[in-house]
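# Structure assessment
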Amino acid sequence: MICNIISYLEYDAEKYPERVSLAGADISYTYAQEWSMVKKYGQAIAYRFGSENKPIAVVSEHKPLDIIFFLSVAYSGNFYVPIDPLLPENRIADMLSVIDPHFIIDNDDRLPKGISEKQRVAAQDLDCEAPQASPWLERKDTDPLYVLFTSGSTGVPKGVTITHRGVVDMTEQFCSVFGFEDGSVFGNQAPFDFDVSVKDIFISLKTGGRLEILEKKLFTLPSLLIQRLNERKINTLIWAVPALRVLSALNAFRSDRPMFLKDVMFSGETIPPKTLEYWMSSFPDVRFVNLYGPTEITCNCTYHIIGREDKLDRAVPIGVPFPNCSVFLLNGEDPVLREGDIGEICVSGSCLSTGYFGRPDLSKAVFIQNPLEKRYSERIYRTGDLSFKKDGKLYFTGRKDTQIKHMGHRIELSEIELCASSAPDAEVCACVYDEEKSVITIFYTGNTDSLSLLSHIRKTLPRFMVPKNAVKLDDFPKTRTGKIDRKVLLQMAKDL
Amino acid sequence: MEKILEILEGCCPGVDFETETALIDNGILESLDIVMIVGELSDEFGIEITVDDLTAENFNSAEAIFNLVNKLKEEE
């Protein structure tokens, strides 16, 4: 039984030492090279900083070396927390204060000065003599592997803590369901602080495959992207929906197209029918898979292989659960059993996160005892996503709260509102999301102009959370009970 | 040119389009910005911007975009 993801790398390095495991635009590593670096850095981390299951922040700009650092941290018996240095400083400071890292790996010295007192190290600091050791073998599979952040409604991002066991389970189930070929070539689109990338990293290790990192710029220049996909013979894409949407909206396959594709898997948000139709008609022999799941259950808990006979103009189901995981619907504490009835998606299994890092209060609200299991203890995760079942398949219908999916990311609208109302001279703020056009609009009262308000938000929150429009109101439309009428606001936003 | 600046600023508020000359090379415009900009330019000027037109040279500055639009308008 595999208890630690390092086992995958150890096996690959033994079996396929000369195979390229990891590549970027102008650099590549074989499995033997990757293993020797991970071992060297991992032993140095353990020797200099200990191997006591502590969080280590890794400043990550979507480069192959980042992955070597992640694996080195795991080798050292600690766990990694990717930090994107291009996020606003306040956001980075919030994340660092949540995890309180043991130290920070910042190889290119990218983190703003003064943001943290913690020691920072680069590759050369880890290039030192350290005793031969395998601290990862001392860990157990319920120990954390990484923490990834997601939007929190209280205004502070939540650190979702994921175990080796969760990732090994995800990897094994993906491989058993989809049967990736030995030596598949994965084209990684998602940045490493986004959990879509977790699948690329570990499934390629499991299959002895090659992970090709596709830098962000390629997605603004689709002809270069297609060229890269062909040059490197990339055959598997596990992407966020917006990346697929970019290529369909730009009619990217008009002249050249990727020639080696076998699998296109997507998640992050509901795929627009036009996007799916464009891709499926461009690649009649490729398998397309819709994946669903929040970060808290390690990537995905349901899948649907899209049939050529499926009606693409209708909603695509999120499908059926992966093996070794239960996905069921609850209405409060009661099961939803009848097809067509709507309930909240709940998940149990090895894939569950151990909760939000340092926030047992937030964890307790959503990681709960299964109300349907009275005989023994079983944790479930309440996703807050609503769904119904039809012909045995689940369909996503929306949220219980005001959380939205935008550019593939989960966003709590209340987090944007809290940030906006902390701007000087802003009073009440309320956000709405026009799903059709993927536009966030913020309405506000107070003595500030819309540009200053938006620039305040831009300094505090990640780019994907910044509203497109800010509209000043004298007073908010209210419902009969005196609450802000969000339906009226949404209509106003659509009419802008 | 003014219309183009208006479209660009509408798509990505906060970017200084009048002086910036490395919109693509410095990653200021992201892929979804390009989608929005290409959509608006096509609607506004009745042109078709194809994937071959999407190069860094054509999109690094407002002026380059202006030149591209003019070129495509002449070809119509």
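Along every chain, residues carry numbers that run from 1 in the direction the sequence is written. Lettering of chains starts at A and numbering of ligands starts at 1, both following the order in which they are written. At least 70 in pLDDT is required for a residue's local features to be given in this predicted model, at least 80 for side-chain atom pairs to be given and counted, and no such filter applies to totals for whole chains, interfaces and linings, which use all residues. Working from all heavy atoms in the structure, the side-chain values ignore hydrogens and water.

## Observations regarding the pairing of strand E18 (residues 343-349) of chain A
Residue and element names in this part refer to chain A.
- Accessibility here uses a 1.4 Å probe with only protein chains present; expressed as a share of the type maximum, an area under 20% marks a residue as buried, one over 50% as exposed, and anything in between as partly exposed. Secondary structure elements follow DSSP: runs of H or I no shorter than four residues count as helices, runs of E no shorter than two count as strands, and numbering proceeds from the N terminus. Among the seven residues of E18, six are classified as buried, and the element is accordingly described as predominantly covered.
- Looking at chain direction, strand E16 (residues 325-331) and E18 are connected through six bridges and run antiparallel. For phenylalanine 328, the partnering residue across the bridge sits in E18 and is cysteine 346.
- A pair of strands is considered paired only if DSSP assigns at least 2 bridges between the two. The sheet contact formed by E18 and strand E21 (residues 379-390) spans four bridges and is antiparallel. From the neighbouring strand, valine 347 faces E21, where its bridge partner is tyrosine 381.

## Points about the domain arrangement of chain A
All names here are of chain A.
- One can read the domain layout of chain A as domain 1 (6-305) and domain 2 (408-494).
- Note that domain bounds follow an automatic or database assignment of domains. The gap between the C-alpha centroids of domain 1 and domain 2 is 32 Å.
- Working rule for contacts: check all heavy atoms of both residues, and any pair within 4.5 Å makes them a contact. Every contact between the two is made by 22 residues of domain 1 and, on the other side, 15 residues of domain 2.
- For the pairing of domain 1 and domain 2, the buried interface totals around 1,300 Å² over both sides, and the portion due to carbon and sulfur atoms is 45%.
- Salt bridges are counted wherever a side-chain nitrogen of Lys or Arg sits within 4 Å of a carboxyl oxygen of Asp or Glu. Here domain 1 is connected to domain 2 by two salt bridges.
- We note a salt bridge from glutamate 296 to arginine 410, for which the minimum N-O separation is 2.7 Å.
- The definition of a polar contact used here is a pair of N or O atoms within 3.5 Å, where within protein one atom must be able to donate a hydrogen and the other to accept one, and adjacent residues in sequence count solely through side-chain atom pairs. Connecting domain 1 to domain 2 are six residue pairs in polar contact (both at pLDDT 80 or more). Note on definitions: buried area is the accessible-area loss of two parts on being combined, 1.4 Å probe, summed for both.

## Brief notes about the nonpolar core
- Formed by 78 residues in total, the largest nonpolar core has its most connected members in A:Ile5, A:Ile105 and A:Phe202.
- Among the elements that line this core, the one with the most residues is helix H3 (residues 64-75) of chain A, at nine residues.
- A:Phe202 has contacts with A:Ile5, A:Leu71, A:Tyr80, A:Leu145, A:Val167 and A:Thr171, leaving out every residue within four places of it along the chain.
- We call a set of buried Ala, Val, Leu, Ile, Met, Phe, Trp, Tyr and Cys residues a nonpolar core when their side-chain atoms join them within 4.5 Å. Membership of the second largest hydrophobic core comes to 60 residues, among which are A:Val185, A:Leu218, B:Leu29 and B:Val69.

## What to know about the interface of chain A and chain B
- Counting from both sides, the interface comprises 20 residues of chain A and, opposite them, 23 residues of chain B.
- Of the roughly 1,900 Å² buried between chain A and chain B on both sides combined, carbon and sulfur atoms contribute 62%.
- Sorting the residues of chain A by area buried against chain B places A:Thr220, A:Leu250 and A:Arg463 first, and these three jointly supply 29% of that buried surface.
- Our count for the chain A to chain B interface comes out at five salt bridges.
- Residues B:Asp25 and A:Lys217 are paired through a salt bridge, measuring 3.6 Å at the closest nitrogen-oxygen approach.
- The interface formed by chain A and chain B includes five residue pairs in polar contact (both at pLDDT 80 or more).
- Elements with a contribution of two residues or more to the side of chain A that touches chain B: helix H7 (222-231) and helix H8 (241-249) of chain A.
- With four residues, the single largest contributor to the side of chain A that touches chain B is H8(A).
- Gly falls in the polar group here, along with every residue not listed as nonpolar (Ala, Val, Leu, Ile, Met, Phe, Trp, Tyr, Cys, Pro) or charged (Asp, Glu, Lys, Arg). A breakdown of the residues in the side of chain A that touches chain B according to their chemical character gives nine nonpolar, four polar and seven charged.

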